[in-house]
Amino acid sequence: MSIQVVDIIIVGGGLLGTSAAYHLASRHAGQIVLFERMDIASQASSRAACLLTRVRTKRVLMDMVQETYDTIDRIEDELGESLDLQQSGSITVASSDASLQMIKTLRKTAVNYHIPVETIDADTVKQHLPWINQEVVNQAVYMPTDAFIDSAQLCSGYAKAARKKGVVIRPRTAVKELIITKGHVNGVLLDSGDKVYASVVIDAAGSWSNLLSYPPGIGLPMTPVRSHFWITESNPKLFPTQQPFAVLPDARAFTRPDVGGLIIGLREPECVSYNPKILPASIEDMEFTPDKGWSILSDCAEDFQRYFPKIHETGIAHYMAGPSCYVPDGMFVIGPVKQFKGFYALTGCCGAGVAAGGGMGRLIAEQVLGEKTFVDESLFSPSRFGEINPFDIHFQSSCALARSNKKKRINETTSFPEAGSGFNPDFHRSGHSYLNTQRE
């Protein structure tokens, strides 16, 4: 058994952990070590749709997404290499009165914050998206500076830039438990039996975060919820690589180009949550659906077929599923916990770990170092729901419903309130329902 002393320990080598490492190192936070049980960017961070939509339902989230864009620029300058950000632009399509009002609000927000935006008609949408049935397009907004990026490449970029600044990254090294002394988390015990001490420990273990935090009594208010998408066979004429990604609120769907194919994301009316205790060490060993997503595609494709009539004639090459950590109010979990000094949470990405990960990493770095935070940190406090049991089935259901955007009733015996301002249950299956979570 060996003993090591550092300044900061980060547990988790996904988008959030590596972003935190980069931002802390950029602020000369001291000796930082990051532990990842598997390989860097190998788990949920590698299974994201990777849309960086700039306009969000809250200014605080827009600021966090902008920080991701700014961080990508800085890392590319520091490394002297591209992270291959694809500025494809985005198109949000309205096909109902509700979604028409929604895109008007999007346009107004974009104009107010000087984000390039255009209102376009059905013919223009068809020019951008050759596969779409323009007959169902009422109106749309086009935002030419929106982009997407390969999530694994972004995560690897964070890690490479952090290493360059002195961060020690240790993949294939599992953390067993926290070391706690007199109300202070001051290190971790590794599976190997080695101990590493630090005055700050950041839990950025994603879907597995509560497996580290809960044994000593810290319940983080999030749970893993299934996210997934399908990738069609290649058809460059129908799915040109340079097309924008599309948001289709009335179909609860999004699309994104993928090397001659099309990524199709469909939101289930009833999303599935997972007890973290049953998650395998690697998501490669987890079966998210018994039939590789075919029944889900069949159930959810009816509304999408209005936009893409040839969906049932198009071959599906891949089905991609993974856990994404959702919170009842649709906001992230970032900051110190009240139970123990020195312990910080960085989790609950609510499907926005790619888009907002740069901002999330910056915020945790500012909190750890006692700097003035660039956004209101109270909105993301791990303690904002009071004490919760993350393994309680009612709580897990509330997290799944936050992804489904459905009205929920919380059992009176639970200790957490109904979702707050980040969740709008009245928009279920309206034009707003899909947008709320995707743009948050």
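Just above, that's the structure.
What counts as what
- Residues numbered from 1 in each chain as written.
- Predicted model: local features only at pLDDT ≥ 70, side-chain atom pairs only at ≥ 80, totals over all residues.
- Heavy atoms only, no water.
- Helix = DSSP H or I, 4+ residues; strand = E, 2+ residues; numbered from the N terminus.
- Polar contact = N/O pair within 3.5 Å; in protein donor to acceptor, adjacent residues only side chain to side chain.
- Contact = heavy atoms within 4.5 Å.
- Patch = residues over 30% accessible without salt bridge, like charges linked within 9 Å, V, L, I, M, F, W, Y side chains within 5 Å.
- Areas by Shrake-Rupley, 256 points an atom, 1.4 Å probe, with all protein chains shown as cover.
- Salt bridge = Lys/Arg side-chain N within 4 Å of Asp/Glu carboxyl O.
- Buried < 20%, exposed > 50% of the residue type's maximum accessible area, 1.4 Å probe, protein only.
- Core = buried A, V, L, I, M, F, W, Y, C linked by side-chain atoms within 4.5 Å.
- Expected span 1.5 Å × (residues − 1).
- Pairing = 2+ DSSP bridges.
- Axes fitted to C-alpha atoms, helices over the stretch in contact; angles between N-to-C directions.

**Brief notes about the side chain of Asn186**
Structurally, the position occupied by Asn186 is in strand E11 (residues 184-190). In terms of polar contacts, Asn186 uses its side chain to reach the side chain of Thr181, at 3.3 Å. In contact with Asn186, other than residues within four places in its own chain, are Ile179, Ile180, Thr181, Val196, Tyr197 and Ala198.

**Overview of a nonpolar patch on the surface**
Residues Met1, Ile3 and Val5 make up a contiguous nonpolar surface patch of roughly 370 Å² in combined accessible area. Mapped onto the elements, Val5 comes out in strand E1 (residues 3-5). Residue classification places Val5 among the exposed residues on the basis of a relative accessible area of 58%.

**Looking at the nonpolar core**
With 96 residues, the main nonpolar core has Ile9, Ile10, Val188, Ile202, Phe332 and Phe380 as its most contacted residues. Formed by 31 residues, the second largest nonpolar core is a distinct cluster that contains Ala140, Ala246, Ala253 and Leu266.

**Side note on helix H3 (residues 97-112)**
With 16 residues, H3 ought to run about 22 Å at 1.5 Å a step, and its terminal C-alpha atoms sit 23 Å apart, in line with that. Listed in full, the buried residues belonging to H3 are Ser99, Leu100, Met102, Ile103, Leu106, Thr109 and Ala110. Where H3 terminates, the next one or two residues include His114, which has phi positive at roughly 60 degrees.

**Comments concerning the sheet that holds strand E10 (residues 175-181)**
Strand order in the open sheet made by the 4 strands is E1-E12-E11-E10, with mixed pairing throughout. What marks the edges here is a single partner per strand, and that holds for E1 and E10. Here the strands of the sheet are splayed against their neighbours by 25 degrees on average, with no regard to which way each runs. The pairing of E10 with E11 spans 6 bridges and is classified as antiparallel. Along E11, the bridge assignment pairs Ile179 with Gly187.

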